[in-house]
Amino acid sequence: SNGAGNIADFLFRTESAGAAVLMEIKTPQSPLLGAKYRKGAFPPSVELGGAISQVLEYGESLSTEFNSLKSADVGLTTSQPYCVVVLGDASRELSDDAKRRSFERFRERLIGVRVVTFDEVFRRIEGLISLLQGD
């Protein structure tokens with residue numbers, strides 16, 4: 001029921017190394033970009049900026065509490081979690097080159113947070129299914 005949004009949507013542990021992964025999930029309808037700032041430049045949306053701030057806050061909290069979690073033997077090996085934000089629909093919203101470039105410029109230069117859109121997640125799943133089925 002996390003109505004106030006104070007708890008991470010998901011906390012995963014990577015199987016290979018035991019690293020923590022924090023995931024914040026919004027909706028496919030969440031906008032990726034705000035209104036045009038200047039010619040060819042679109043800022044991130046308030047929702048995207050908020051989701052990034054939120055998952056970084058969770059990461060900081062996890063880092064602070066890491067020693068107590070480690071003593072509880074939850075299997076985490078690092079106090080610096082990977083942070084992932086899933087929101088929006090790039091195929092719907094990034095309708096021209098300026099919007100695509102603005103979004104890619106922003107997300108590819110983020111440090112500590114990976115932003116993935118819902119349509120990208122679905123394409124990756126479809127690709128994996130196709131690979132496993134031998135298509």
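Residues numbered from 1 in each chain as written. Predicted model: local features only at pLDDT ≥ 70, side-chain atom pairs only at ≥ 80, totals over all residues. Heavy atoms only, no water.

### Topic: helix H3 (residues 97–108)
- Taking 1.5 Å per residue, twelve residues should reach 16 Å; H3 reaches 16 Å between its end C-alpha atoms and fits that length.
- What H3 keeps buried is the set Ala98, Ser102, Phe103 and Arg107. The arc that holds the buried residues of H3, viewed along the axis, is 150 degrees, so those residues lie on one side.
- Of the residues that open H3, the one with a side-chain oxygen 3.1 Å from the backbone nitrogen of alanine 98 is aspartate 96. (Helix = DSSP H or I, 4+ residues; strand = E, 2+ residues; numbered from the N terminus. Expected span 1.5 Å × (residues − 1). Buried < 20%, exposed > 50% of the residue type's maximum accessible area, 1.4 Å probe, protein only. Arc of directions from axis to C-beta. Polar contact = N/O pair within 3.5 Å; in protein donor to acceptor, adjacent residues only side chain to side chain.)

### Examining the confidence of the model for the chain
- With 85% of its residues at a pLDDT of 70 or more, the chain has an overall mean of 87.
- The secondary structure element of the chain with the lowest average pLDDT is strand E1 (residues 10–13), at 80, and the one with the highest is H3, at 97. (pLDDT = per-residue confidence, 0-100.)

### A short note on the packing of aromatic side chains
- Inspection of every chain in the model, using the stated rule, returns two aromatic pairs.
- With centroids separated by 5.6 Å and ring planes inclined at 15 degrees, the aromatic side chains of phenylalanine 10 and phenylalanine 12 adopt a geometry described as stacked.
- Relative accessible area serves as the criterion here: at 41%, phenylalanine 10 is assigned to the partly exposed category. (Phe/Tyr/Trp six-rings, centres within 6.5 Å; stacked < 30°, edge-to-face > 60°.)

### Quick notes on a nonpolar patch on the surface
- On the surface, Phe10, Phe12 and Ile25 cluster together to form a nonpolar patch covering roughly 250 Å² of accessible area.
- By the secondary structure assignment, phenylalanine 12 is in strand E1. (Patch = residues over 30% accessible without salt bridge, like charges linked within 9 Å, V, L, I, M, F, W, Y side chains within 5 Å. Areas by Shrake-Rupley, 256 points an atom, 1.4 Å probe, with all protein chains shown as cover. Salt bridge = Lys/Arg side-chain N within 4 Å of Asp/Glu carboxyl O.)

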